[in-house]
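# Topology and contacts: notes
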Amino acid sequence: MSMTPEQAAWFRDTFTRLVDNVDQALLGKREVVGLVLSAMLAEGHVLLEDAPGTGKTSLAKAIAASVQGTSTRIQFTPDLLPSDVTGVTIYDQQNHRFEFHRGPVFSSIVLADEINRASPKTQSALLEVMEESRVTVDGVAHEVGRPFLVIATQNPIEQSGTYKLPEAQLDRFMLKTSIGYPTLAVTERILAGAVDRNPSASLGAIITTSAVADMADLAATVHVDPVVARYAAQLVEHTRASEATRLGVSVRGAISMMRVAKVYAAAQGRHFVVPDDVKTLAVPVWAHRLVLDPEAEFSGTTAESVVQRAVSAVEAPLARAAS
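Sequence order sets the numbering: in each chain, residues are counted from 1 along the sequence as written. The predicted origin of the model limits local features to residues at a pLDDT of at least 70 and limits the giving and counting of side-chain atom pairs to 80 or more, whereas totals for whole chains, interfaces and linings rest on all residues. Working from all heavy atoms in the structure, the side-chain values ignore hydrogens and water.

## Focus on the overall build of the protein chain
Going along the chain from the N terminus, every DSSP run of H or I of four or more residues is numbered as a helix, and every run of E of two or more is numbered as a strand. Each helix and strand in the protein chain was counted, giving 14 helices and eleven strands. To get the radius of gyration, use the C-alpha atoms; to get the globule rule, take the number of residues to the power 0.38 and multiply by 2.2 Å. Its C-alpha radius of gyration of 20 Å places the protein chain within 12% of the 20 Å reference for a compact globule of 323 residues. Considering only C-alpha atoms, the protein chain reaches an extent of 65 × 50 × 45 Å along its principal axes. Here the protein chain, with 323 residues, has 48% of them falling under the buried criterion. Within the protein chain, counting contacts between residues at least 6 apart in sequence, those at least 24 apart form 77% of the total. The Shrake-Rupley method, run with a 1.4 Å probe sphere, supplies the accessible areas, and residue values consider only the shown protein chains as cover. Of the roughly 15600 Å² of accessible surface on the protein chain, 52% is carried by carbon and sulfur atoms. In this tally, Asp and Glu contribute negative charge and Lys and Arg positive charge; neither His nor the terminal groups of the chain are included. One atom stands in for each charge, and that atom is NZ of Lys, CZ of Arg, CG of Asp or CD of Glu. Counting 29 positive and 36 negative side-chain charges, the protein chain places the averaged centre of each group 2 Å from the other. Three labels apply to residues, based on accessible area from a 1.4 Å probe with only protein chains included: buried if under 20% of the type maximum, exposed if over 50%, partly exposed otherwise in between. Two residues qualify as a contact provided that any one of their heavy atoms is within 4.5 Å of a heavy atom in the partner residue.

What follows is the structure, encoded as C-alpha cells:
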C-alpha cells in the first residue's frame, strides 16, 4: 500500500519539527540536519568529513534527544579493539555461564569519531551492524534495535596516523556530507550563548523511537514511478561509463538513492518521488562511492564533478504523480 497525501502531509510536519528541534543545538545547518535525519529514516548511515569542532557531537546528541533515543560516542584510536565497539562475552563464575556485555554500538545514535584513526580490523567491526543492525559475538546474534544510525567522522586535513577507509566500507554509508563552519551571524549567536556547553540537554523530545520506526516504514511506501527509477539507473550507468572513473556507483548505491529519495520526497509533503529529488541527493549519496582514474584525479577531476556531469548529461523525465 502506497503512502497517501494525508500521510505525506503528516510526515512533512513531523520531519520539519524534528529539523527545527535539532537546529536549536546546531544553528544554521538545517540542510545538513535534514540530510542526516533522512538517512536515519531511510535506515542508512552517514559519513561526516569535517574539521574538528564543527558540532558533530552536538548533532548526534540533539538527534537522540529529539527521538527519545540514546547516544554514544566512540573515540576511534589505533589501540581500539573490535570488542571495545561491539561488546564482549565474559564468564560469570557465580552463575557458571557466559554473559554478553554490550558495547557502545548498542545505542540509537552512535558517533564513531575519527573512524579512520582505528585499525582496519576495528573499522570492520562496524560493517555487520551497519548492514544488518545486529552484532554477532561468539556465534550469537544481538539486535541493536530501531532506530539505529551511525554517524562516522573523519578529519580531511590531518592524515598522519590514519587508515584510509576502503571502498567497500565507504559504500556502506548511505550518504556523505559535512557540517562546515557557521556563518558570521551564527557564530555571534553561538558565542553569545557560549556558557551552554551542552545545548542538546535542554531539548525536548518530538517523537519516540517507536514512532521513528513507524516513520521509516511509512517512508518505504512512497511511490517511485518506473521512469524515475530508470532515470536513476541511467545516472548510475553514466558514472560507470565515465572515462574519469575506475569504479562507478554500485548497486547498493543505486538502492540507497531510492531509499533516501523516498524519505526526502515525504519530507517535502509528497507521496511520490520526482527526478529533482534524485538530482538534489546525487552528490551526497553517490560521490563518495566513486573510484577515480588516477590520471583524471591528477588533472583535477573530483568525484563530485563526475556526478554533476552525469546529472547534466542525462535528460530528466517529466515528473508524474502517483495516482
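## Side note on the environment of aspartate 13
With respect to the element layout, aspartate 13 can be found in helix α1 (residues 5-23). On the basis of relative accessible area, aspartate 13 is assigned to the partly exposed category, the value being 41%. The sequence separation of aspartate 13 and alanine 213 amounts to 200 residues, and the corresponding C-alpha distance is 16 Å. Nitrogen and oxygen atoms within 3.5 Å of one another constitute a polar contact, given that in protein one can donate a hydrogen and the other can accept it, and given that sequence-neighbouring residues count only through two side-chain atoms. A distance of 3.3 Å separates the side chain of aspartate 13 from the side chain of arginine 12, its partner in a polar contact.

## A closer look at the packing of aromatic side chains
Any two rings among Phe, Tyr and Trp, with Trp reduced to its six-membered ring, count as a pair given centres within 6.5 Å; such a pair is stacked if its planes are under 30 degrees apart, edge-to-face if over 60, and tilted if neither. Tallying each qualifying case throughout the model produces three aromatic pairs. Ring geometry for phenylalanine 100 against phenylalanine 106: centres 5.8 Å apart, planes inclined by 70°, an arrangement best described as edge-to-face.

## Details of the nonpolar core
Most often, soluble globular proteins keep nonpolar side chains buried together rather than apart. We define the nonpolar core as a collection of buried residues of types Ala, Val, Leu, Ile, Met, Phe, Trp, Tyr and Cys that are connected through side-chain atoms lying within 4.5 Å of one another. Ranked by internal contacts, the top residues of the largest apolar core, which has 73 residues, are Phe11, Met40, Leu59, Met257, Val278 and Trp286. Residue-level mapping places this core at the junction of two domains, with at least three residues from each of domain 1 (1-220) and domain 2 (221-317). In contact with phenylalanine 11, not counting residues within four places along its chain, are Met3, Leu41, Met215, Leu218, Ala219, Val263, Ala266 and Ala267. Formed by 23 residues, the second largest nonpolar core is a distinct cluster that contains Leu47, Ile74, Val85 and Val150. The split into domains, and so the bounds of each, comes from an automatic or database assignment of domains.

## Looking at the domain arrangement of the protein chain
What the domain assignment lists for the protein chain is domain 1 (1-220) and domain 2 (221-317). Taking only C-alpha atoms, the centre of domain 1 and the centre of domain 2 are 23 Å apart. Facing 29 residues of domain 1, the contacting portion of domain 2 comprises 22 residues. Both faces combined, the contact of domain 1 with domain 2 buries some 2200 Å², and carbon together with sulfur accounts for 58% of it. Buried area: the accessible area, evaluated with a 1.4 Å probe, that two parts lose upon being put together, summed over both parts.

## Some thoughts on the pattern of salt bridges
We define a salt bridge as a contact between a side-chain nitrogen of Lys or Arg and a carboxyl oxygen of Asp or Glu at a distance within 4 Å. Enumeration according to the criterion identifies 17 salt bridges in this entry. A salt bridge links arginine 146 to aspartate 217, with the nearest nitrogen and oxygen atoms 2.9 Å apart. Taken together, the residues span a long stretch of sequence, with arginine 146 in the loop between β7 (140-143) and β8 (149-154) and aspartate 217 in helix α9 (residues 209-219) at a distance of 71 residues. Its salt-bridge partner being aspartate 171, residue arginine 289 comes within 2.7 Å of it at the nearest N-O pair.

## With respect to the UniProt feature "domain: ChlI/MoxR AAA lid" (unreviewed entry) in the protein chain
In the numbering used here, UniProt assigns the feature "domain: ChlI/MoxR AAA lid" (unreviewed entry) to residues 238-309. Along residues 238-309 the backbone is 62% helical and 7% strand, and the end-to-end C-alpha distance reaches 9 Å. UniProt positions are given in the numbering used here, feature names are shortened, and annotations may be inferred rather than shown by experiment.

## A look at α9
Within the sequence span of α9, burial applies to Ala211, Val212, Ala213, Met215, Ala216, Leu218 and Ala219. On its buried face, α9 is in contact with α1, α2 (30-41) and α11 (251-267).

## Looking at the pairing of strand β6 (residues 134-137)
Taking every second residue as pointing to the same face, the buried face of β6 carries Val135 and Val137, while none of Arg134 and Thr136 on the other face is buried. In short, DSSP must find at least two bridges between two strands for them to pair. Linking two consecutive strands that pair antiparallel, namely β6 and β7, is a turn of two residues; a positive phi of about 55° is found at aspartate 138 within it.

## Examining the environment of threonine 221
Among the structural elements, threonine 221 can be located in the loop between α9 and α10 (226-241). Classification of threonine 221 as partly exposed rests on a relative accessible area of 23%. Filtering out sequence-adjacent residues up to four positions away, threonine 221 remains in contact with Met1, Ser2 and Met3.

## What about the sheet that holds β8?
Across the sheet, five strands lie side by side as β2-β5-β8-β1-β9; this open sheet has parallel pairing. At either margin of the open sheet sits one strand with a lone partner, and together these are β2 (71-75) and β9 (175-177). Each strand of the sheet is rotated relative to its neighbour by a mean of 20°, with strand direction disregarded. Judged from the three bridges that link them, strand β1 (residues 46-49) and β9 form a sheet pairing that is parallel. Across the sheet, the residue bridging to valine 46 is leucine 175, located in β9. Convention adopted: a line fitted to C-alpha atoms gives each axis, helices being fitted over their contacting stretch, and angles between N-to-C directions are expressed from 0 to 180 degrees. Those strands touched by α2 are β1, β5 (109-113), β8 and β9, and its axis lies near 160° from that of β9.

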